Amino acid sequence: MLRKSEAGWSNPKVLTIFALIFFCGAAFGGAVMRVYLHRLQRDPHDLSIESASHMKLERLRSELQLTPEQEHFLTQELDDYSKYYQNIEYERRDVAEHGRQRILDRLNKEQRQKFNDMFGQPERAAQP
């Protein structure tokens, strides 16, 4: 038999500690699973040349059992794709900067400062 001084399962302090441990474990497990499942989640349409360009050539060579001619062709295609993608990224940045500059041209000095603060970009000296 338990004495009044001994802690038992019905003791509110013990139950509170177990509840706290349970909820901390559940929160941690949920966070870990979210990160883990996010990494596993893939769009079925993502199986493209872009996905292949992120793989190492050695892995492609071994898993696909490429001939030397195929490997040479694949290397050239992935390099061309990388260059093309990089050029598109440069163009995207130019278009975004052009749009940003057009917006800034319509704002007064205080509005430009607030706009730049909102988007974390320093004000450029060439602005009117």
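Quick caveat: nothing in here was measured; it's all calculated off a predicted structure.

A. Fine view of the overall build of the chain. Across its full length, the chain carries five helices and zero strands. The N-to-C order of helical and strand elements in the chain reads α-α-α-α-α. Summing over all exposed atoms, the chain offers an accessible surface of approximately 11,800 Å²; the carbon and sulfur share of this is 60%.

B. How the structure looks around the confidence of the model for the chain. For the chain, the mean per-residue pLDDT works out to 79, and 77% of the residues sit at or above 70. The least confident element of the chain, judged by mean pLDDT, is helix H2 (residues 49-54) at 58; the most confident is helix H5 (residues 109-118) at 89.

C. The pattern of salt bridges, seen in detail. Scanning all chains against the criterion turns up five salt bridges. Residues Glu89 and Arg93 are paired through a salt bridge, measuring 3.4 Å at the closest nitrogen-oxygen approach. Of this pair, Glu89 and Arg93 both sit in helix H4 (residues 68-105), four residues apart, roughly one helical turn. A relative accessible area of 23% means that Glu89 is categorised as partly exposed.

D. Highlighting H5. Within H5 the residues assigned to the buried category are Arg112, Phe115 and Asn116. Angular distribution of buried residues about the axis of H5 spans 95°; they occupy a single face of the element. Residues of H5 that are exposed and point more than 90 degrees away from the buried face comprise Glu110, Lys114, Asp117 and Met118. Close packing links the buried residues of H5 with H4.

E. Looking closely at the side chain of Arg100. Note that Arg100 resides in helix H4. One polar contact links Arg100 to Asn116, side chain to side chain, over a distance of 2.8 Å.

F. Local environment of unusual backbone geometry. Backbone geometry at Gln65 places phi at a positive 55°, although glycine is not the residue there. Counting through the fold element by element, Gln65 comes out in the loop between helix H3 (57-64) and H4.

G. Representation of a nonpolar patch on the surface. On the surface, a cluster of nonpolar side chains totalling about 490 Å² of accessible area is made up of Trp9, Ile17, Phe18 and Ile21. Residue position: Ile21 is located in helix H1 (residues 12-40).

H. Up close: the packing of H4 against H5. It is the contact of H4 with H5, at a shortest axis distance of 9 Å, that shows an interaxial angle of 145°. Where H4 abuts H5, its residues Arg100, Ile103 and Leu104 lie against Arg112, Phe115 and Asn116. For the contact of H4 with H5, the per-class residue count stands at three nonpolar, one polar and two charged.

I. Summary view of the packing of aromatic side chains. If you walk through the whole model with that rule in mind, you get three aromatic pairs. With centroids separated by 5.4 Å and ring planes inclined at 70°, the aromatic side chains of Phe22 and Phe23 adopt a geometry described as edge-to-face. There is no split in this pair, since Phe22 and Phe23 are both exposed. Geometrically, the ring pair formed by Tyr81 and Tyr85 is stacked, given 6.1 Å between the ring centres and 25° between the ring planes. Of this pair, Tyr81 and Tyr85 both sit in helix H4, four residues apart, which is roughly one turn of the helix.

Each value, and the rule that gives it
Residues numbered from 1 in each chain as written. Predicted model: local features only at pLDDT ≥ 70, side-chain atom pairs only at ≥ 80, totals over all residues. Heavy atoms only, no water. Helix = DSSP H or I, 4+ residues; strand = E, 2+ residues; numbered from the N terminus. Areas by Shrake-Rupley, 256 points an atom, 1.4 Å probe, with all protein chains shown as cover. pLDDT = per-residue confidence, 0-100. Salt bridge = Lys/Arg side-chain N within 4 Å of Asp/Glu carboxyl O. Buried < 20%, exposed > 50% of the residue type's maximum accessible area, 1.4 Å probe, protein only. Arc of directions from axis to C-beta. Contact = heavy atoms within 4.5 Å. Polar contact = N/O pair within 3.5 Å; in protein donor to acceptor, adjacent residues only side chain to side chain. Patch = residues over 30% accessible without salt bridge, like charges linked within 9 Å, V, L, I, M, F, W, Y side chains within 5 Å. Axes fitted to C-alpha atoms, helices over the stretch in contact; angles between N-to-C directions. Nonpolar A, V, L, I, M, F, W, Y, C, P; charged D, E, K, R; others polar. Phe/Tyr/Trp six-rings, centres within 6.5 Å; stacked < 30°, edge-to-face > 60°.

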